[in-house]
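Residue-level structural notes
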Amino acid sequence: MRKISRSFISFFLLATVFSVGGTLPKQATAQNHNVPKDNPLQWRLIGRVFFDGGIFMNDTLGWDNAFQVHDVRLGTVVKIYDHWEVKIELGYADKKVSMKDVFLSYKLDNHSFRLGYAYEPWGNARVGTASFRFMQNATADNVLGQGRQLGISYSYNYNWINVMAGVFSGGDIQTSGQMNQGYSVAAKFIGRPLMKDGKVLHLAVAPRFAEGKDELDFMGGVPTNLVSKSENGFVDASVDRVINSWKLDAECIFIYDKWYFQGQYLFAHLNRSGGSNFNGKGGYAQAGYLILGEKHNYNVLTGMIGNPAPKSLELLLRYDNVNLNNAGVRGGRLSDITVGVNYFINKYIAAKLNYTRMMVGDFSPKGGGDFDLLQARMQISF
């Protein structure tokens, strides 16, 4: 209990520091990125908090229901002159304070360089939890995708193309004393053969290579934050004697005014010494329609889908599958179908409702049969 209290107090003190940042000169209040020469610093406060609750039905684990405040974040984005930008964001979840995005970037015309702790250009998690179409990212992406790592990256953006690439450490910078961390090289290539008048066709491929770790773990389960990660291992594979690993991510996004479609296929190949190579795979397809609202939003600079305008009402459907049974490794297989409804009250507040049917496959470490989850969220993000 004392440990939890200390973590929360530390986060509160950091939040106070961010909030009193307004004591900086008046230059810090604007959000315009054209910084006057006599006004070198601009900053803005960023943050989010999720109020989640849900009911489990027909499960054999006795989970019943759960309610929590999840993903509390505070941070700041500082613009320095015309080209430099610093982002520092901390989060409180799972009884601890942790770093989120912490990086320095330099932008010049269509080119951007970044140094620090941020997402690799691989997978869908980099969209950000506040912009996920559903309450939680697809399980296939959670299991096979990539998180934040310390590294250096470059991106190029033009009207119809994005190119992103970087080199990253394989270690966890939030744990001290790690040696022989390994490394990864990741890239993403995005093409947009169609982009006009509320219509976008986005096609992307992302390869990734990593080595330096002789054991890799893949774990995931129900697409929810109501269950702790340690208890949510409906698929769980630990692969040893790894020489190196290759990953491939193929992605399609199609927007046609009120309609939205996104599909992603993820594949992981692990070369091993003294054993069969391991292949893990998964993917999802999701679609949305705006019952209220004019169109879905797409960010050309990042190549990512964004939230629609305030007062929009969105209906969603997703199928998700991941398979970690391969080469003698029985990590399990899992599928789910989720129906979602989002209402964007204003620019900063949204309400979300998800109903998920979980279909537990062969060799799931948690066992049990199929079950259902109904969950809701009130989301604040700025």
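Conventions we followed
What you see as residue numbers is a count from 1 along each chain, following the sequence as written. Local features are withheld for residues below a pLDDT of 70 in this predicted model, meaning they are given only at 70 or higher, and side-chain atom pairs are given and counted only at 80 or more; totals for whole chains, interfaces and linings count all residues. Excluding hydrogens and water, the side-chain values take into account all heavy atoms of the structure. In DSSP terms, a helix is any run of H or I states spanning at least four residues, a strand is any run of E spanning at least two, and both are numbered starting from the N terminus. Relative accessibility thresholds used throughout: buried, under 20% of the residue-type maximum; exposed, over 50%; partly exposed, between the two (1.4 Å probe, protein chains only). Contacts were defined at the residue level, with two residues in contact if any of their heavy atoms lie within 4.5 Å. Per-residue accessibility takes into account occlusion by the displayed protein chains alone, with areas from the Shrake-Rupley method and a 1.4 Å probe. What pLDDT reports is the predictor's confidence in each residue, on a scale of 0 through 100. Should a side-chain nitrogen of Lys or Arg be within 4 Å of a carboxyl oxygen of Asp or Glu, the pair is scored as a salt bridge. Only strands joined by at least two bridges in the DSSP assignment are considered to pair. Within this scheme a cavity is a closed region of a 1 Å grid, computed over the protein atoms alone, that accommodates a 1.4 Å probe without allowing it to escape, whereas a pocket is open but has protein on both sides within 12 Å along at least five of seven lines; lining residues each have an atom within 4 Å of a point. Grid points are joined across faces, edges and corners, and a volume is the space filled by probe spheres set on the points. Grouping buried Ala, Val, Leu, Ile, Met, Phe, Trp, Tyr and Cys residues that are joined through side-chain atoms within 4.5 Å yields what is termed a nonpolar core. Counted as a polar contact is a pair of N or O atoms within 3.5 Å, where, for protein atoms, one must be capable of donating a hydrogen and the other of accepting one, and residues adjacent in sequence contribute only when both atoms are in side chains. Ring pairs shown here join Phe, Tyr and Trp side chains whose ring centres sit within 6.5 Å, with only the six-membered ring taken for Trp; geometry is labelled stacked below 30 degrees between planes, edge-to-face above 60, and tilted in between.

We now examine the overall build of the protein chain. From N to C terminus, the protein chain includes 2 helices and 20 strands. Evaluated residue by residue, the protein chain yields a buried proportion of 47% over its 382 residues. Excluding contacts between residues fewer than 6 apart, the proportion of contacts in the protein chain whose partners are at least 24 apart in sequence is 61%. In the form shown here, the protein chain has an accessible surface area of approximately 18600 Å², with 60% of it arising from carbon and sulfur atoms.

When pLDDT is averaged along the protein chain, the result is 89, and 90% of the positions lie at 70 or above. This model gives residues 1-35 a pLDDT under 50, and the stretch forms 49 contacts once residues within four places in sequence are excluded.

Our next topic: the environment of aspartate 64. With respect to the element layout, aspartate 64 can be found in the loop between strand 1 (41-57) and strand 2 (65-80). In this structure, the C-alpha to C-alpha distance between aspartate 64 and glycine 54, residues 10 residues apart in sequence, is 8.6 Å.

Taken as a whole, this structure holds 16 salt bridges when the rule is applied. The closest approach of N and O atoms between glutamate 120 and arginine 208, which form a salt bridge, is 2.7 Å. Taken as a pair, glutamate 120 in the loop between strand 5 (111-119) and helix 2 (139-144) and arginine 208 in strand 9 (residues 199-211) lie far apart in primary sequence, 88 residues in all. With a relative accessible area of 0%, glutamate 120 lands in the buried category. Overall, arginine 208 belongs to the buried group, its relative accessible area being 9%. Of the charged contacts, one joins aspartate 362 and arginine 333 as a salt bridge, the two residues approaching to 3.5 Å between their closest N and O atoms. Of this pair, aspartate 362 sits in the loop between strand 19 (349-360) and strand 20 (371-381) while arginine 333 sits in strand 18 (residues 329-344); the two residues are 29 residues apart in sequence, bridging distant segments of the chain.

Quick look at the pairing of strand 9 now. One ladder, built from 10 bridges, connects strand 8 (residues 183-196) with strand 9; its direction is antiparallel. Within the sheet, the bridge partner assigned to leucine 194 lies in strand 9 and is leucine 201. Note that strand 9 and strand 12 (residues 242-256) share 13 bridges and pair antiparallel. Its bridge partner lying in strand 12, alanine 206 is registered against aspartate 249.

Time to look at empty space enclosed by the protein. Scanning the entire structure with this criterion turns up 5 cavities of 30 Å³ or more. In this structure, the largest cavity spans a volume of roughly 70 Å³. As for the largest cavity, its lining consists of 14 residues, of which Asn124, Phe132, Arg133, Asn137 and Gln286 are closest to the centre.

Another aspect to go through is the nonpolar core. Ranked by internal contacts, the top residues of the largest apolar core, which has 28 residues, are Leu144, Phe218, Leu270, Phe278, Val322 and Leu324. Breaking this core down by element, the ones donating at least two residues are helix 2, strand 10 (216-220), strand 11 (235-239), strand 13 (259-272), strand 17 (313-326), strand 18, strand 19 and strand 20. With residues up to four places along the chain from it excluded, the contact list for phenylalanine 278 reads Phe218, Ala237, Val239, Ala268, His269, Leu270, Arg272, Leu324, Asn326, Ala327 and Val329. Ranked by size, the runner-up nonpolar core spans 11 residues in total, among them Ile190, Ala204, Ile305 and Leu316.

Once that is clear, we can look at the pairing of strand 11. Of the two faces of strand 11, only the one carrying Val235, Ala237 and Val239 is buried; Asp236 and Ser238 on the other face are not. As paired elements, strand 10 and strand 11 share 5 bridges and run antiparallel to each other. The residue of strand 11 that forms the bridge with methionine 219 is aspartate 236.

Examined against the element boundaries, lysine 79 turns out to sit in strand 2. A distance of 3.4 Å separates the side chain of lysine 79 from the backbone oxygen of aspartate 82, its partner in a polar contact.

Geometry of an aromatic ring pair is reported as the spacing of the ring centres plus the angle between the planes. Considering all chains together, one arrives at 11 aromatic pairs under this definition. Taking the centre distance of 5.2 Å and the plane angle of 70° together, the rings of phenylalanine 56 and tryptophan 63 count as edge-to-face. For the pair shown, phenylalanine 56 and tryptophan 63 are each scored as buried. Ring centres of phenylalanine 113 and tyrosine 154 lie 5.2 Å apart, and the angle between their planes is 50°; this geometry places the pair in the tilted category. Separated by 41 residues along the polypeptide, phenylalanine 113 in strand 5 and tyrosine 154 in strand 6 (residues 148-158) bring together distant segments of the chain.

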